[in-house]
Each structure stands twice: as C-alpha cells, then as structure tokens.
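Chain and residue survey
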Amino acid sequence: MLVLGIESSCDETGVALVDVQGAAVPRLLSHALHSQIAMHQAYGGVVPELASRDHIRRVLPLAQSVLAESGHDLGEVDVVAYTRGPGLAGALLVGAGVACALGAALERPVLGVHHLEGHLLSPFLSADPPEFPFVALLVSGGHTQLMEVDGVGHYKVLGETIDDAAGEAFDKSAKLLGLPYPGGPWLAKLSESGSETAFKLPRPLLHSGDLDFSFAGLKTAVLTQVRKLGDELEANKSDLAASTQAAIVEVLLKKSLAALDRTGLKRLVVAGGVGANKRLREQLNAACAKRGVRVHYPELHLCTDNGAMIAMAGAMRVQAGLEQPQSRYAFDVKPRWPLDALPVAA
Ligand code: KG4
Ligand code: ZN
C-alpha cells in the first residue's frame, strides 16, 4: 500500500511517499520539503497569509518530484494523508484541499493526520526504530508534552507546558538577543561559544513534583538580563544564549528522567523541532546511558516539520486498523486539536 503524505500546517511544505508491507514498519520511499523560513525571516515570524499562498505554489511540484524520485505514478497511490491540524487554519486548508482533490480525482481515500502524532512517530522513519512502549518527549515550536506511548493511538499525556512551549522559549529568547527567526537553531549555535553558568536563570517548575513545564518566566528573566546589560549585550550575547539553552535543556532533561522513573519504562523517544538541539541530545544521551535507558530520535533533518512524518503516521494508523481512510471528500481542518482526542483501538 502506497501512502502519499502532505504537510502544510505552518511554514514548511512537505510531501512524501511511504510503502506499507504487511505488519513491517512502513518504509519511506522518497520525500521533498520546501522551507519558507527565508520568506518569513524579514517579518521576524510566520505571516499566515504568506504561508498559505506559498504552500499553494509548492505542494504540487513537490508531489511531482516525490513521485518521480520514487519511480511510482500518481495512479499507484492508495491513500492520501494530510495534516488536518493543529496549525494555521489557512495553511492547513491548502494541504487538506489538495489531498482531497487528489483523492477525488484518483478515486482513492484520504486520511486527516494529527501533526503531533506525525512528530511522535517520526523516529520510526529512522534506521533503528523504537519499540513500544516508550516515554515520548514532544518538543516543538508550539507544544511541549511528555507522553506514555503504548502503541499507535495509545497516548497518555503525563505532563505538558502550562504556558510557552520549549521551542517558543528558544525562539522568544533568541529574538530578545536580536537573532533571526526561527531563533532555536541560531541560539543553539551561539551557545557553543558561551558559558552556561555565566547567568543565573530560572528553571521553572523544576521541583514541582509533577511533569508539567512552564517557560514564560524564563523569557521574562532573559528580557530582564538584556535590559540590564544594555550596551554590554553584544559582548555577553553568547554567554546569555548558553545560559538560556542550559536552563531549557535542564528542565527538559530532569522532567524526562522523572517521567521514566514514574512509568518504569526504559525507552525514551524525543521528537519535534527542539529534538534537533545538540546540547539536549548530549545531556539526554549521557543521563539515559547511566540508567540503561535507550533514547531514540528522528533523523536530524526529520526533527522539524516534514511530509515523511505525516505519510508515516497515516500509514501506521491504517496499518494498526485504527482508522479507515475516507472516500468522502468534504474536508475540515482543526487548528486546535488535542492529541488525546484521536480514535484509539477498542
Ligand atoms: O516541530 P517544529 O518544526 O514545528 C512545530 O510543529 O512547531 O519545531 C520548530 C521549533 C522552533 O521553535 C525552532 O526554533 C526549534 O524547533 N528548533 C530548535 C532547533 N532546531 C529547531 N530549537 C533548539 N535547537 C535547535 N537546534
Ligand atoms: Zn511540527
């Protein structure tokens, strides 16, 4: 079974083709991505209307190149999966509209996929996929959650952010330091030449005893430091960046370890854009090695948004019998969509 996946929830247009053979982990045949980051950079953040218009321009050429690279024809596609939410409404509508139009024209069913489930299952695209059950640390630009994952569709939220997401903490702090959008990778790069202990920054909810996160206070603390430094900011920028990254990483690390303790599980899956962070990976790897816990990540280039994870999540849901792709081509999108609202197995 060939599943074509389309991602258009925010500022990347992604298309991919995945092959499902029996019960084996579905195999990625090809994928293509267009990032709008350069386009939005001039505005310091994503401009939703520009995002939608660019998705319209990119999605079909990307689909054509994915099919050409895989050596398959459009007519061979069995299911068209697309990101139904959460995300920007207009951007989501482009992917949903194209997927449903393709489905109707090909007389093939379509399947709306949850973007976060895509991130969550993205480590299955790697050469060394995880086994269930595992603890998942989902750290994207808009979401930060710890989950207990017993199988496809079996997600129990253990804790989540009560305000900003980890990616937002990176991005907003980076903006305060005058770094370009999206700030996460820039702040990470700058941190390499800075001292993690130069500035004392808060580790919100570190000792709260639960698995929730809060990052809004950290951003305020960074702002206070930026104001205090004034003209001295430039000379201290890499130290402030490194101290900020250290604060975010420490909270993510400690809470992940607490989630492993609480569940007794010996496997951790890290997914979402912040999962690309080198310092986070180093710290998680070291702490988990000590405890005999295996850590799985998506491949670096599949940490941020892409079509492969959407094709994969769609393929795994169909394979698990959780969902029948629909041959009704009326569509809606869900800009807000809790992950634990998805259908699960009986
Ligand atoms: O998962 P993603 O592509 O988009 C959402 O679904 O939100 O995540 C994007 C987020 C942004 O906040 C970006 O700054 C962050 O991931 N990010 C990073 C790194 N690479 C991407 N944050 C820290 N270090 C990185 N290397
Ligand atoms: Zn994402």
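Sequence positions are assigned chain by chain, starting from 1 and proceeding in written order. To read the labels, note that chains go from A and ligands from 1, taken in the order they are written. At least 70 in pLDDT is required for a residue's local features to be given in this predicted model, at least 80 for side-chain atom pairs to be given and counted, and no such filter applies to totals for whole chains, interfaces and linings, which use all residues. Side-chain metrics rest on all non-hydrogen atoms present in the structure, leaving aside hydrogens and water.

Our focus in this paragraph is the site of ligand 1. Near is defined per residue: the residue qualifies when any heavy atom it owns lies within 4 Å of the molecule or strand. In the region of ligand 1, 18 residues are neighbours, and His119, Gly141, Asp171, Gly273 and Asn277 sit closest. Between ligand 1 and Gly141 there is a distance of 2.7 Å, counted from an oxygen atom to a backbone nitrogen or oxygen. Distance and chemistry together define a polar contact, namely a pair of N or O atoms within 3.5 Å, with one atom able to donate a hydrogen and the other to accept it when in protein, and with adjacent residues in sequence counting only for side-chain atoms on both sides. Within the contact set of ligand 1, an oxygen atom lies 3.1 Å away from a backbone nitrogen or oxygen of Asp305. Considering ligand 1 on its own, with 560 Å² of exposed area, one finds that the protein chains cover 86% of that surface. Only the protein chains shown count as cover for residues, and the accessible areas themselves come from Shrake-Rupley with a 1.4 Å probe.

A donor here means any N, O or S atom no more than 2.8 Å from the metal (3.2 Å for Na, K and Ca); water is not included, so a site may seem to lack partners. Protein coordination of the zinc ion (ligand 2) is provided by His115 (NE2), His119 (NE2) and Asp305 (OD), with donor distances spanning 2.0 to 2.1 Å. Read N to C, the donor residues that coordinate the zinc ion (ligand 2) are spaced as H-x3-H-x185-D. Taken together, the residues span about one helical turn, with His115 and His119 both in helix α4 (residues 115-121) at a distance of four residues. In this scheme, a residue with accessible area under 20% of its type's maximum is buried, one over 50% is exposed, and one in between is partly exposed, where area comes from a 1.4 Å probe on protein chains only. Note on His115: relative accessible area 7%, which makes it buried. Relative accessible area serves as the criterion here: at 1%, His119 is assigned to the buried category. Secondary structure counts use DSSP, requiring at least four H or I residues in a row for a helix and at least two E residues in a row for a strand, with both numbered from the N terminus.

All the domain ranges listed were derived from an automatic or database domain assignment. Here the domain parsing of the protein chain yields domain 1 (2-121 + 302-341) and domain 2 (128-297). Here the C-alpha centroids of domain 1 and domain 2 sit 27 Å apart. Contact residues are listed per partner, giving 22 residues for domain 1 and 25 residues for domain 2. As used here, buried area is the combined drop in accessible area, with a 1.4 Å probe, of two parts when they are placed together. For the pair domain 1 and domain 2, the summed buried surface comes to about 1800 Å²; carbon and sulfur atoms form 74% of the total. When a carboxyl oxygen of Asp or Glu lies within 4 Å of a side-chain nitrogen of Lys or Arg, that pair is called a salt bridge. Here domain 1 is connected to domain 2 by zero salt bridges. The contact definition used throughout considers only heavy atoms, calling two residues in contact when any of these lie within 4.5 Å.

A word on the sheet that holds strand β5 (residues 110-114). Across the sheet, five strands lie side by side as β3-β2-β1-β4-β5; this open sheet has mixed pairing. Each edge of the sheet is formed by a strand with only one pairing partner; in this case those strands are β3 (27-35) and β5. With direction set aside, neighbouring strand axes in the sheet form an average angle of 20°. Against the sheet, helix α10 (residues 307-319) contacts β1 (2-7), β2 (12-19), β3, β4 (79-85) and β5, and its axis sits at roughly 40° relative to β2. Only strands joined by at least two bridges in the DSSP assignment are considered to pair. Helix axes are fitted to C-alpha atoms over the stretch in contact, other axes to C-alpha atoms as well, and angles between N-to-C directions run from 0 to 180 degrees.

This part covers the environment of Ala166. In this structure, Ala166 sits in helix α5 (residues 166-176). Distance from Ala166 to Asp73, taken between C-alpha atoms, is 40 Å for residues 93 residues apart in sequence.

Between helix α6 (residues 183-191) and helix α8 (residues 233-263), the least distance of the axes is 8 Å, while the angle of their chain directions is 115°. What the angle tells us is that α6 and α8 run roughly perpendicular. As α6 packs across α8, the resulting crossing turns out to be left-handed. Residues Leu187, Ala188, Leu190 and Ser191 of α6 touch α8, and the partners they reach there are Lys237, Ser238, Ala241, Ala242 and Gln245. Residue classes follow a fixed rule: Ala, Val, Leu, Ile, Met, Phe, Trp, Tyr, Cys and Pro count as nonpolar, while Asp, Glu, Lys and Arg count as charged, and any other residue, Gly among them, counts as polar. Classifying every residue of the contact of α6 with α8 by side-chain character gives five nonpolar, three polar and one charged. Angle categories: roughly parallel below 35 degrees, roughly antiparallel above 145, roughly perpendicular from 65 to 115, and oblique for all the rest. Each crossing gets its hand from how the near helix is turned against the far one by less than a right angle, where anticlockwise is left-handed and clockwise is right-handed.

The next point concerns the nonpolar core. We call a set of buried residues a nonpolar core when its members are Ala, Val, Leu, Ile, Met, Phe, Trp, Tyr or Cys and they connect through side-chain atoms within 4.5 Å of each other. Core analysis: the biggest nonpolar cluster contains 46 residues, and Phe215, Leu240, Leu252, Leu268 and Val270 have the highest contact counts within it. At the level of elements, β6 (134-139), α5, α7 (216-229), α8, β9 (267-271) and α9 (278-291) are the ones that each hand at least two residues to this core. When residues in this core are grouped by element, the largest group, twelve residues, is from α8. Those residues in contact with Leu252 that sit more than four places away from it in its chain are Leu137, Val139, Thr144, Ala166, Phe213, Phe215, Val274 and Leu280. Judged by nonpolar contacts, the second largest core, of 36 residues, contains Val20, Val113, Val149 and Leu339.

Tallying each qualifying case throughout the model produces 20 salt bridges. Ionic pairing is found between Arg57 and Asp54, a salt bridge with its closest N-O pair at 3.1 Å. Of the two residues, Arg57 and Asp54 both sit in helix α2 (residues 48-70), three residues apart, roughly one turn of that helix. What makes Arg57 exposed here is its relative accessible area of 52%.

Note the cis peptide between Phe132 and Pro133, where omega equals -5°. One can find Pro133 in the loop between α4 and β6. Cis geometry is adopted by the peptide bond preceding Pro182, which originates at Tyr181 and carries an omega value of -15°. With respect to the helices and strands, Pro182 occurs in the loop between α5 and α6. Look at Glu107: it is not a glycine, yet its phi comes out positive at around 55°. Of note, Glu107 is situated in the loop between α3 (89-106) and β5. One non-glycine residue with positive phi stands out, namely Leu205, at about 60°. One can find Leu205 in the loop between α6 and α7. Residue Leu205 is classed as partly exposed on the basis of its relative accessible area, which comes to 31%.

Let us look at the packing of aromatic side chains. Geometry of an aromatic ring pair is reported as the spacing of the ring centres plus the angle between the planes. Stacked, tilted and edge-to-face pairs are distinguished by plane angle, under 30 degrees for stacked and over 60 for edge-to-face with tilted covering the rest, among Phe, Tyr and Trp rings (Trp via its six-membered ring) whose centres lie within 6.5 Å. Considering all chains together, one arrives at four aromatic pairs under this definition. A ring pair is formed by Phe132 and Phe134, whose centres lie 5.4 Å apart and whose planes are at 20°; its orientation type is stacked. On the numbers, 6.1 Å between centres and 15° between planes, the contact of Phe213 with Phe215 is stacked. Each member of the pair, Phe213 as well as Phe215, is classed as buried. Two thresholds decide whether a charge sits over a ring: the Lys NZ or Arg CZ must be within 6 Å of the ring centre and within 35 degrees of the ring normal. Above the plane of the ring of Trp337 lies Arg84, whose end atom (NZ or CZ) is 5.5 Å from the centre.

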